[in-house]
Amino acid sequence: MPHRAPGSPGHSRQQFLSGKPIRYYRPKGSPDIRQLVDEGFQAFNAGRLSEACGIFSQKMLDPAEDTTIGLTVAGALTPAGLGGCVIEMMERGLVDFLISTGANLYHDLHYALNFTLHRGSPFVDDVALYEDGVIRIYDVLFPATVLLETDAYIRDFILRSGLDGPIATSEFHYRLGLDLLEQYPGCEEHSVVARAARAGVPLYTSSPGDSSIGMNLAYHELMNNSRLMIDPNRDVNEVCAIVLAGKRNGCVILGGGSPKNFYLQAQPTLWEVYGIPKGGNDYFIQITTDQVVWGGLSGATPAEAVSWGKVNPGVLPDTVVAYCDSTIAFPIFCEYAVGSPNGRRQRKELVHKRDELLANLVRDARAAREKRASDASALDSPVSNVK
Ligand SMILES: NC(=O)c1ccc[n+]([C@@H]2O[C@H](COP(=O)([O-])OP(=O)(O)OC[C@H]3O[C@@H](n4cnc5c(N)ncnc54)[C@H](O)[C@@H]3O)[C@@H](O)[C@H]2O)c1
């Protein structure tokens, strides 16, 4: 059968798209949920989730700790409606920067552009969906036109922006967010990308070519002879610079995948590559369905991360992995945090500090390189060989 885009004339999508619209859920700090977590979640993975809530709300958010908090997002969480949790966390200063799959940021744009994703069933006939031009992400259903129109917006934005040359994903997403705010006023209530721009939260993507945003960037290069391209080196250095500047560092990892490592590699980059002895993370929370036994990074435990210098050896009590579906655990986690006494912090607005932080990284890296050179020459000198 020759390939064609999903959908054929004469078919009705209505039967598949009759489910309720998926809306971003915004946690409000429910005392009942806090009570459930404190009193009801006592053992097994409920116990781990309760621990995670406690570590985050009492320790990581403690103003005296001044922890720089990274949130990594993998799995199809914005299609499932979890972007509202991320928006609330950013607005309240509870996360300072994000590393996400491109897919989550791409699908977030549908909400900004006011397209509707629908609740549905995972047990549907996918050939019929294809005939009807309906796209399925497990039980989330939406018309293929949503993809086409979102892609068209991305390409229009790229042209409008005049961007040309290498650029960090943080800058690309910031500019994209500003464009959304201008074109669709008020959309920051419904969009992670727009809210991040408004709240000054840098958004990174660990694999920028691997999503429809990357696909449209590639189109722009080929069809418009553009020199706009994502510069992963800049991303690596910015994330390092943010971690280096943190008085304390901690992460909340949703799923696993490349965003998890992109965050955790900052400390090895600092000590192993730049020679800066920053130390590892002070806090590590992961909510995942990934198992440790397959040896992959996604399921690797905080204890394994200690051996890489990613997590400080003394802090294992402040690390926890809850083996849960993030679509269940993360809204509960956010309700708990929002309702805690530390449920609002002053935002760091790191998007505006990236150049300054990078300059500090360069300064420290140069000092480390000079120290290494002078240590090496001291070792080589005849005096050092005299016992
Ligand atoms: N159109 C698009 O732009 C598009 C669409 C889909 C995926 N993608 C790309 O494909 C890649 C894979 O995306 P992905 O995030 O779906 O990867 P994935 O499904 O491999 O999930 C990533 C990690 O999160 C875990 N995970 C997934 N769902 C979870 C859940 N509900 N609860 C707990 N853990 C969960 C997985 O076990 C895995 O470790 C990404 O790079 C993404 O950008 C692009």
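Anything mentioned here points back to the structure above.
Residues numbered from 1 in each chain as written. Predicted model: local features only at pLDDT ≥ 70, side-chain atom pairs only at ≥ 80, totals over all residues. Heavy atoms only, no water.

### Things to note about a nonpolar patch on the surface
So, step 1. A contiguous nonpolar surface patch, about 460 Å² in accessible area, is contributed by Val292, Val293, Trp294 and Tyr323.
So, step 2. On the secondary structure map, Val293 appears in the loop between β10 (283–288) and α13 (302–307). (Patch = residues over 30% accessible without salt bridge, like charges linked within 9 Å, V, L, I, M, F, W, Y side chains within 5 Å. Areas by Shrake-Rupley, 256 points an atom, 1.4 Å probe, with all protein chains shown as cover. Salt bridge = Lys/Arg side-chain N within 4 Å of Asp/Glu carboxyl O. Helix = DSSP H or I, 4+ residues; strand = E, 2+ residues; numbered from the N terminus.)

### Side note on the site of the ligand
So, step 1. Not every one of the 21 residues close to the ligand is listed here, only the nearest: Gly75, Asp210, Ser212, Asp290 and Ser326.
So, step 2. Here an oxygen atom of the ligand and a side-chain polar atom of Ser298 are 3.3 Å apart.
So, step 3. Surface burial for the ligand is 67%, taken as the share of its 830 Å² of free accessible area covered by protein chains.
So, step 4. When residues of the shell around the ligand are assigned to their parent elements, the largest contribution, 4 residues, is made by helix α4 (residues 102–112).
So, step 5. Tallied by class, residues from the shell around the ligand come to 4 nonpolar, 14 polar and 3 charged. (Near = heavy atom within 4 Å. Polar contact = N/O pair within 3.5 Å; in protein donor to acceptor, adjacent residues only side chain to side chain. Nonpolar A, V, L, I, M, F, W, Y, C, P; charged D, E, K, R; others polar.)

### Describing the sheet that holds strand β1 (residues 67–73)
So, step 1. Reading across the sheet, the 6 strands line up as β7-β2-β1-β9-β10-β11 and stay open at both edges, with parallel pairing between neighbours. Of all the strands in the sheet, just β7 (203–205) and β11 (319–323) have a single pairing partner and so form its edges. Averaged over all pairs of adjacent strands, the angle between their axes in this sheet comes to 15 degrees, without regard to strand direction.
So, step 2. Sheet topology note: the strand β2 (residues 97–100)/β7 ladder contains 3 bridges and is parallel. Bridge pairing in β7 links Ile99 to Tyr204. (Pairing = 2+ DSSP bridges. Axes fitted to C-alpha atoms, helices over the stretch in contact; angles between N-to-C directions.)

### So, the side chain of Ser340
So, step 1. Among the structural elements, Ser340 can be located in the loop between α14 (326–338) and α15 (354–380).
So, step 2. Assessed through its relative accessible area of 8%, Ser340 is described here as buried.
So, step 3. Those residues within four positions of Ser340 in sequence are excluded, and the remaining contacts are Arg34 and Ser57. (Buried < 20%, exposed > 50% of the residue type's maximum accessible area, 1.4 Å probe, protein only. Contact = heavy atoms within 4.5 Å.)

### Topic: helix α2 (residues 44–60)
So, step 1. Helix length check: α2, at 17 residues, gives a terminal C-alpha distance of 23 Å against a target of 24 Å (1.5 Å per residue), a fit within 8%.
So, step 2. Where α2 is concerned, the buried positions are Gly47, Leu49, Ser50, Ala52, Cys53, Gly54, Ile55, Phe56, Ser57 and Met60. (Expected span 1.5 Å × (residues − 1).)

### Observations concerning the nonpolar core
So, step 1. Phe56, Leu98, Phe172 and Phe333 are the most contacted members of the largest nonpolar core, which has 74 residues in total.
So, step 2. By size, the runner-up hydrophobic cluster in this structure holds 28 residues, among which are Cys240, Cys251, Ala266 and Val311. (Core = buried A, V, L, I, M, F, W, Y, C linked by side-chain atoms within 4.5 Å.)

### Quick notes on the packing of aromatic side chains
So, step 1. Per the counting criterion, the structure on display carries 6 aromatic pairs.
So, step 2. Seen in terms of ring centroids, Phe56 and Phe333 are 4.9 Å apart; in terms of plane orientation they differ by 45 degrees. Their pairing is tilted. Placement of Phe56 in helix α2 and of Phe333 in helix α14 is noted, with a sequence separation of 277 residues between them.
So, step 3. Ring centres 6.1 Å apart and planes at 70 degrees place the aromatic pair Tyr153 and Tyr184 in the edge-to-face group. Of this pair, Tyr153 sits in helix α6 (residues 144–161) while Tyr184 is found in the loop between α7 (169–183) and α8 (192–199), placing the two residues 31 residues apart along the sequence. (Phe/Tyr/Trp six-rings, centres within 6.5 Å; stacked < 30°, edge-to-face > 60°.)

### So, the pairing of strand β9 (residues 248–254)
So, step 1. The element β9 is largely enclosed, with a buried count of 6 among its 7 residues.
So, step 2. Where β1 lies against β9, 7 bridges are found, and the strand directions are parallel. Of the residues in β9, the one forming a bridge with Thr68 is Asn249.
So, step 3. Where β9 lies against β10, 5 bridges are found, and the strand directions are parallel. Counted as the bridge partner of Val252 is Ile285 from β10.

### Remarks on the sheet that holds strand β5 (residues 140–143)
So, step 1. Read across the sheet, 3 strands follow the order β3-β5-β4 without closing on themselves; strand pairing throughout is antiparallel. Strands with a single pairing partner mark the edges of an open sheet, and in this sheet they are β3 (118–119) and β4 (134–137).
So, step 2. Where β3 lies against β5, 2 bridges are found, and the strand directions are antiparallel. In the sheet register, Arg119 faces β5, and the bridge partner there is Val140.
So, step 3. Lying over the sheet, α6 contacts β4 and β5, oriented at roughly 65 degrees with respect to β5.

### Description of the pattern of salt bridges
So, step 1. Within this structure, the stated rule accounts for 23 salt bridges.
So, step 2. In this structure, the salt-bridge partner of Asp375 is Lys371, at a minimum N-O distance of 3.0 Å. Of this pair, Asp375 and Lys371 both sit in helix α15, 4 residues apart, roughly one helical turn.
So, step 3. Residue class for Lys371 comes out exposed when judged on its relative accessible area of 52%.
So, step 4. Connected via shared salt-bridge partners are Glu171, Arg175, Arg234, Glu238, Arg354 and Asp355.

### Observations regarding the environment of Val273
So, step 1. Relative to the helices and strands, Val273 resides in helix α12 (residues 266–273).
So, step 2. Of the residues examined, Val273 reaches a relative accessible area of 49% and is grouped as partly exposed.
So, step 3. Distance in space between the C-alpha atoms of Val273 and Asp179 is 36 Å, their sequence separation being 94 residues.

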